[in-house]
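Letter by letter, the chains look like this.
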Amino acid sequence: MIRKLFLSVLGLVWASAASADFALNMREGITELSTETYALHMLVFWVCVGIGVVVFGVMLVSLFLHRKSRGVKPASFSHSTTAEVIWTIIPCLILLFMAVPAAETMIKLEDSRNPDMSIVITAHQWRWHYKYQDEGIEFYSSLALPSMQARIKNSGVDPFSVDNYLLEVDRPLVVPRGAKVRVLLTSNDVVHAWWVPDLAIKKDAVPGMVNETWFRADVAGTYRGQCAELCGKDHGYMPVVVEVLEADAYAAWIAARTGSNE
Amino acid sequence: MSHADDRYYVPHGSHWPIVGSVGLLFLMVGVSNWLNGADAGFWVMMGGVAVIVFMLVGWFGTVIGESVGGLYNAQVDKSFRMGMFWFIFSEVMFFCAFFGALFYARNMSIPWLGGASNNFFTNVLLWNSYESSWPSNGPGKIGGDYEVMGPFGLPLINTVILITSSITVTIAHHALLAGQRKILSTFLALTFLLGFVFVYLQGVEYIEAYEHLNLKLTTGIYGSTFFMLTGFHGMHVTIGAIMLTIIWLRVVKGHFTPKNHFAFEAVAWYWHFVDVVWVGLYVFVYWM
Amino acid sequence: MADHGPAKGFTRWLYTTNHKDIGTMYLIFSLTMFFIGGSMALVIRSELMTPGLQFVHPEFFNQMTTMHALIMVFGAVMPAFVGLANWMIPLMIGAPDMALPRMNNWSFWILPVAFGILLSTLLMDGGAPAGGWTMYPPLVLQTGDAFPFLIFSVHLMGISSIMGAINIIVSILNMRAPDMWLLKMPMFVWTWLITAYLLIAVMPVLAGAVTMLLTDQFFGTSFFLAAGGGDPVMFQHIFWFFGHPEVYIMILPAFGVVSEIIPTFARKPLFGHDSMVYAASCIAFLSFIVWAHHMFTVGMPLSGQLFFMFATMLIAVPTGVKIFNWVATMWGGAMTFETPMLFSLAFVFLFTIGGFSGVMLAIVPADIQYHDTYFVVAHFHYVLVPGSIFGLFAACYYWLPKWTGHMYNETAGKLHFWASTIFVNLTFFPMHFLGLAGMPRRIPDYSTQFADFNTMASIGAIGFGLSQLIFVYVLLTVKKGAKATDRVWEAPRGLEWTVPSPAPYHTFDTPPVKRVTQESFQ
Ligand code: HEA
Ligand code: HEA
Ligand code: CUA
Ligand SMILES: [Cu+2]
């Protein structure tokens, strides 16, 4: 029974690794760092699976072989310094093996120098305010109306009938493809967190402090995320949508927006 | 060890703990309502305090009675000592939280607000004219202009007073061990008197801070850490001095022998702890 | 004195100073809290069964999340382990009672007050606290009338835990049978010694943290206000300085329990007793220097992130030693699979899975993706439910015959085990996928792509909840079971098996003699 359970768990785990498009696994995302993050995630994951197979394997063998019902006599050994030293050192080495690439990615993540553009994001209960530092464009971004109507308790609207239920906003953040975008985050009230899985960045918006992070989107498209820090009753209703446009489309967007702030 | 008349004393049934819990219930519900603006809460709170005082008197009275009655063997005595030691350790950790806040403010948040480390933009975008320094009431100048409480004058006198009191309590302890009751009671009295003088001077200092320096609990992080640290410390001194007074009364009544005086030692330890915390306070809050 | 029985009537329970009575009260209290906290979990899971809001409003949902966690952590798991400590430590070390029996009673009787106050906030203006069990400011300052009640109930829980921990440490250090020197102590006693130390070290820090919340709210201090020179993140640091050791407080005694049970049913001594002690101490030490792994997204400087990542990863090493030693204990044994053993084995399996996700969370870039998603929820429920809670079940089945003098119903026990194990995985395993796919935690409603796994988890939760009714059945029927022998199991070690079953009201009025100690403990 235990074995069956274990196998089914393993099966699920395997499925999670093999079929990223069924939303079982982390998304690879569309930036260099998101890909690296994904690789790190898979690395630790497989290391854990490996260790799991060994540890659980030995344990299962023991559960099978060393049962009283098989008439075995219990051994009486109770320690072995050699064994203990080995199983202290090996995990240390494994950890080191994972820590090095992790540290490398971290250093890159923190390096927000020389950006192509900067955006100041101010969180409010419960919407985002975006301000393009150089272009002078600023606007609020809130949950889109169809979701807003459907989300009311017993609204009678089937969430499945709403496109991108809870993940759609009225005005998305628009950025050009290939530009290094520096994100400066702060909050107007409580702590929020700005998160877009495909960009592999999540950073807290802390009132009175400004946090810094950055991304460079390599693929044009629409990317969705959510506020990721409990911020009150509508925490579940402040999505983030980022539209990555090609340079010319972005320029057109800027031109259309300039002077029409709301 | 396993002599029949040298058993570990295990009391049977006591109503004091449940009285204490009822007291705590009234106290906490009272304070909470009071803080929420219900005036009646104040009286509920005072009711709770009264029950707790009643409980403490009764509980300690029972323990003192048992102790004087010779029910406690050496092992029980050791339990009490260890208990007191770990209680003081927990108190130390309580103060650690506030010292931690002080260090965090001085070494992290204030410099960050001034643009240090990875907080360049915190300063540029939000607190543009703020230059970090300590003491500080923050970039928002919460509480308005204020003056700093310097290390000399009252605080220095208070330091001398507390250190002296630590010495007097040690002298009293030695006298107790040597059976010199007269010296014992004199120096013990001196100790708690010094304690109360300390509390009094601390009160004078607070009045000075509030009335002349505009230094208040609401004076940004400096005022917050200053008053919370010295305030909790002052509370501990007050409690310690009250306990010393009680011990002194017991000495006068003839309690404690050179061999058996756990309560005395517990209070003395507590007093040294309060003293050590003060030294930390003096260095980090007033001086550096 | 030895035949002095319990007092009659309800004052027995109000006034008692007997470690067994107090242990029983703790255990019953925590089971009650487990059911209350579990009912709240069921409210959460019902709302999350399908997308859209069906049953509760978002504010109430957040109250449920917050109260569920506070009640489970401080009301169910911690008191349950203290209850076990009360019952078993004096028996295991050959002491007549806990060292400070009256204070022991008070430690317990503060808890109903604390949780009475906490639960009463559900009826207040603005509802119960809804800022998460982590109580981050400034959000928590938006709590309504419940706010001061929350703070003071946390204070009370702290006072209770500290007094309980002092009692346990003093009992262990001062009340051992003459010949039981420290490294001869059973693992359960050892892990509790370390846990009690952690409790005394960190509960006061939590008290300090919430006190600062209180003064920020009511007395105008600026600890967590940037304009005044403070920082909201400062609270997070202080909270997690408490919070991380807290999670080991909830798991170390379970390690101890499992270390008692596996040798008994493998009929073989615990492998590497001393290194288990060192490993547990190591975990306790490391637990003080890893707290900021809960805060990798708050904007810490790089050096801080690196330090906390490395320190966190290191914890896998001593924890690994424990796992390997349990496996080595089983190896070469002659195992049987009674209910306590089953729960212990599942503990080793499933806790390890939870530990693996812990190590994944420690990898900073990856944690930036995992943080505040259901992946974290999956992680900590794996270490807490099939971890701490299974440890508790194992302990209850293991010692129930000693407590009651009767064998529990083994069939019902096994059924409880299998149902729990299957449903716990059905509940919490899909949460890994939800988190990786991007579902944030603490939300009452979610995008439709998360629907399937949420439905699975909700079904699992209901199943898991119902399975617990089997446990209640086992408890209620235990008196009908066969009489238990003094040793109960075939090859248990430890002094608790030298006293009759049920353990008489007073045991070890005179310390056990040397011979007994050495024979029953090696
Ligand atoms: C009983 C409780 C418990 C336990 C034991 C643990 C154990 C661990 N936890 Fe967990 N944790 C929680 C309870 C617990 N945790 C809770 C409640 C939260 C969330 C709080 C909140 O936000 O509300 C949390 C959150 C949490 C986070 C923050 C996630 C986030 O919010 O982003 C992190 C990050 O590092 C983490 C890490 C770890 C690690 C590394 C361990 C390690 O101790 C695990 C060690 C064990 C093993 C690794 C398995 C066995 C080892 C081997 C077989 C050896 C070989 C293995 C290797 C070399 C990998 N935990
Ligand atoms: C020891 C701690 C512990 C335990 C045991 C549990 C047990 C469970 N937890 Fe909990 N949980 C936490 C600690 C714990 N949890 C913490 C710390 C958080 C984070 C909170 C935060 O974000 O602030 C959390 C958050 C949390 C969430 C996320 C909420 C959110 O983010 O919004 C969920 C969601 O599924 C959940 C589910 C469950 C379930 C299904 C159980 C089940 O195992 C419960 C099983 C028990 C029962 C179901 C009771 C059985 C009773 C009956 C069946 C009788 C029914 C009777 C009546 C109805 C009268 N928990
Ligand atoms: Cu904003 Cu959560
Ligand atoms: Cu942690």
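Counting restarts for each chain: residues are numbered from 1 in the order of the written sequence. Key to labels: chains lettered from A, ligands numbered from 1, both in the order written. Local features in this predicted model are restricted to residues whose pLDDT is 70 or higher, and side-chain atom pairs enter the listing and the counts only when it is 80 or higher, whereas totals over whole chains, interfaces and linings include all residues. As a rule here, side-chain values cover all heavy atoms of the structure and leave hydrogens and water aside.

## Quick word on the coordination of the iron atom of ligand 2
All names here are of chain C. Every protein donor of the iron atom of ligand 2 is accounted for by His68 (NE2) and His381 (NE2), and the metal-donor separations fall at 2.0 Å. Counted as donors are N, O and S atoms no farther than 2.8 Å from the metal, or 3.2 Å for Na, K and Ca; water is not among the atoms, and sites may therefore look incomplete. Every geometry call rests on angle ranges, with four donors termed tetrahedral when all angles are between 85 and 135 degrees, four termed square planar and six termed octahedral when opposite donors are over 155 degrees apart and all others are between 65 and 115, and everything else termed irregular. Here the iron atom of ligand 2 binds six donor atoms, and the angle range of 88 to 179° at the metal identifies the geometry as octahedral. Taken together, the residues span a long stretch of sequence, with His68 in helix α3 (residues 58–93) and His381 in helix α14 (residues 374–404) at a distance of 313 residues. Like His68, the residue His381 is buried in the burial classification. Only DSSP runs of H or I reaching four residues or more are called helices, and only runs of E reaching two or more are called strands; each is numbered from the N terminus. The rule is simple: take the accessible area with a 1.4 Å probe, protein chains only, and divide by the maximum for that residue type; under 20% is buried, over 50% is exposed, in between is partly exposed.

## Some details on the site of ligand 1
Nearness here has a simple test: a residue counts as near a molecule or strand if at least one of its heavy atoms is within 4 Å of that partner. Close to ligand 1 lie 31 residues, the nearest being C:Tyr248, C:Asp367, C:His371, C:His379 and C:Arg441. The local environment of ligand 1 is shared, drawing residues from chains A and C. Polar contacts here mean pairs of N or O atoms no more than 3.5 Å apart (in protein, one a potential hydrogen donor and the other a potential acceptor; neighbouring residues in sequence count only if both atoms are side-chain atoms). Contact distances for ligand 1 include 2.5 Å between an oxygen atom and a side-chain N or O atom of C:Tyr248. Separating an oxygen atom of ligand 1 from a side-chain N or O atom of C:Asp367 is a distance of 2.6 Å.

## What to know about the domain arrangement of chain B
Residues and elements named next belong to chain B. Assigned domains of chain B: these are domain 1 (1–72) and domain 2 (73–287). With 10 residues of domain 1 at the contact, the number on the domain 2 side is nine residues. The term buried area denotes the loss of accessible surface (1.4 Å probe radius) that occurs when two parts are joined, taken as the sum for both partners. Summed over both sides, the interface between domain 1 and domain 2 buries roughly 830 Å², with carbon and sulfur atoms accounting for 60% of that surface. Put simply, a salt bridge is a Lys or Arg side-chain nitrogen that is within 4 Å of an Asp or Glu carboxyl oxygen. Taken together, domain 1 and domain 2 are joined by zero salt bridges. One can count one residue pair in polar contact (both at pLDDT 80 or more) joining domain 1 with domain 2. Three residue categories are used. Nonpolar comprises Ala, Val, Leu, Ile, Met, Phe, Trp, Tyr, Cys and Pro, charged comprises Asp, Glu, Lys and Arg, and polar comprises the others, including Gly. Its residues assigned to classes, the side of domain 1 that touches domain 2 comprises seven nonpolar, one polar and two charged. Domain limits in this description derive from either an automatic procedure or a database domain assignment. Contacts between residues were defined by any pair of non-hydrogen atoms, one from each residue, lying within 4.5 Å.

## Quick notes on the site of ligand 2
Residues and elements named next belong to chain C. As a matter of local geometry, ligand 2 sits amid 30 residues, with Arg45, His68, Trp133, His381 and Arg442 nearest to it. Contacts to ligand 2 include Thr65, whose side-chain N or O atom sits 3.0 Å from an oxygen atom. Within the backbone of Trp133, a nitrogen or oxygen atom sits 2.9 Å from an oxygen atom of ligand 2. Of all the elements in the fold, those that place two or more residues in the shell around ligand 2 are α2 (19–48), α3, α14, α15 (410–437) and α16 (451–477). In terms of residues, the shell around ligand 2 owes the most to one element, α2, which gives eight residues. For the shell around ligand 2, the class distribution of residues is 20 nonpolar, seven polar and three charged.

## Re the sheet that holds strand β8 (residues 211–216) of chain A
Residues and elements named next belong to chain A. Spatially, five strands are ordered β3-β2-β1-β5-β8 in an open sheet, and the strand pairing comes out mixed. Strands at the two margins of the open sheet, each flanked by one partner only, are β3 (137–141) and β8. Strand-to-strand twist in this sheet, taken as the mean axis angle between neighbours without regard to direction, amounts to 25°. The sheet contact formed by strand β1 (residues 117–124) and strand β5 (residues 180–187) spans seven bridges and is parallel. Residue Val120 lies in a different strand from β5, and its bridge partner there is Leu184. In the packing of helix α5 (residues 247–257) onto the sheet, contacts are made with β1, β2 (127–132) and β3, and the angle to β3 comes to roughly 90°. Criterion used throughout: strands pair if DSSP finds at least two bridges between them. Every angle, taken between N-to-C directions, lies between 0 and 180 degrees, and every axis is a line fitted to C-alpha atoms, over only the stretch in contact when it is a helix.

## Here's the deal with the coordination of the iron atom of ligand 1
Only one protein atom coordinates the iron atom of ligand 1: C:His379 (NE2), located 2.2 Å from the metal. Looking at where C:His379 falls in the secondary structure, it is placed in helix α14.

## Some thoughts on the sheet that holds strand β9 (residues 221–227) of chain A
One key point about sheets: their strands pair by backbone hydrogen bonds, in either a parallel or an antiparallel sense. All names here are of chain A. Pairing within the open sheet is mixed, and its five strands lie in the order β4-β10-β9-β6-β7. With one partner strand each, in any of the chains shown, β4 (173–176) and β7 (201–205) form the two edges of the open sheet. The mean angle between the axes of side-by-side strands here comes to 25°, regardless of whether they run parallel or antiparallel. Looking at chain direction, strand β6 (residues 192–196) and β7 are connected through five bridges and run antiparallel. Looking at the pairing, Ala193 lines up with Asp204 of β7.

## Considering the pairing of β5(A)
A large share of β5(A) lies buried, amounting to eight of its eight residues. Along β5(A), one buried face is formed by A:Lys180, A:Arg182, A:Leu184 and A:Thr186 and the opposite face, lined by A:Val181, A:Val183, A:Leu185 and A:Ser187, is buried too.

## Side note on the pairing of β6(A)
Residues and elements named next belong to chain A. Counted residue by residue, β6 has five buried out of five residues, so it is predominantly covered. Of the two faces of β6, the one carrying His192, Trp194 and Val196 and the one carrying Ala193 and Trp195 are both buried. Hairpin connection from β6 to β7: four residues lie between these consecutive antiparallel strands, with Ala200 at a positive phi of about 55°. Looking at chain direction, β6 and β9 are connected through two bridges and run antiparallel. Across the sheet, the residue bridging to Trp195 is Gln226, located in β9.

## A word on the packing of helix α11 (residues 316–330) of chain C against helix α12 (residues 339–362) of chain C
All names here are of chain C. Where α11 meets α12, the closest approach of the two axes is 11 Å, and the angle between their N-to-C directions is 155°. By the angle class used here, α11 and α12 are roughly antiparallel. The handedness of the crossing between α11 and α12 comes out as left-handed. Each of Ala316, Thr319, Ile323, Trp326 and Met330 in α11 lies in contact with α12, whose residues at this interface are Leu345, Phe347, Val348, Phe351, Thr352 and Val359. The class makeup of the residues in the contact of α11 with α12 is nine nonpolar, two polar and no charged. Roughly parallel refers to an angle under 35 degrees, roughly antiparallel to one over 145, roughly perpendicular to one between 65 and 115, and oblique to any angle outside these ranges. The handedness criterion is simple: a crossing whose near helix is rotated anticlockwise from the far helix by less than a right angle is left-handed, and one whose near helix is rotated clockwise is right-handed.

## Overview of the packing of α15(C) against α16(C)
Residue and element names in this part refer to chain C. Between α15 and α16, whose axes approach to 8 Å, the crossing angle comes to 160°. Judged on the interaxial angle alone, α16 and α15 are roughly antiparallel. Remark: the crossing between α15 and α16 carries left-handed chirality. Its residues assigned to classes, the contact of α15 with α16 comprises 20 nonpolar, nine polar and no charged.

## Brief notes about unusual backbone geometry
The peptide bond linking A:Gln125 to A:Trp126 adopts the cis configuration, its omega dihedral lying at 0°. Relative to the helices and strands, A:Trp126 resides in the loop between β1 and β2. Geometrically, the link from C:Pro137 to C:Pro138 is a cis peptide bond, its omega value of -5° lying close to zero. Relative to the assigned elements, C:Pro138 resides in the loop between α4 (101–120) and α5 (146–174). Its identity is not glycine, yet A:Leu166 carries a phi of approximately 70°, on the positive side. Mapped onto the elements, A:Leu166 comes out in the loop between α4 (145–150) and β4. Take A:Leu166: its relative accessible area is 1%, and that puts it in the buried class. Positive phi, close to 55°, is recorded for C:Arg267, a residue that is not glycine.

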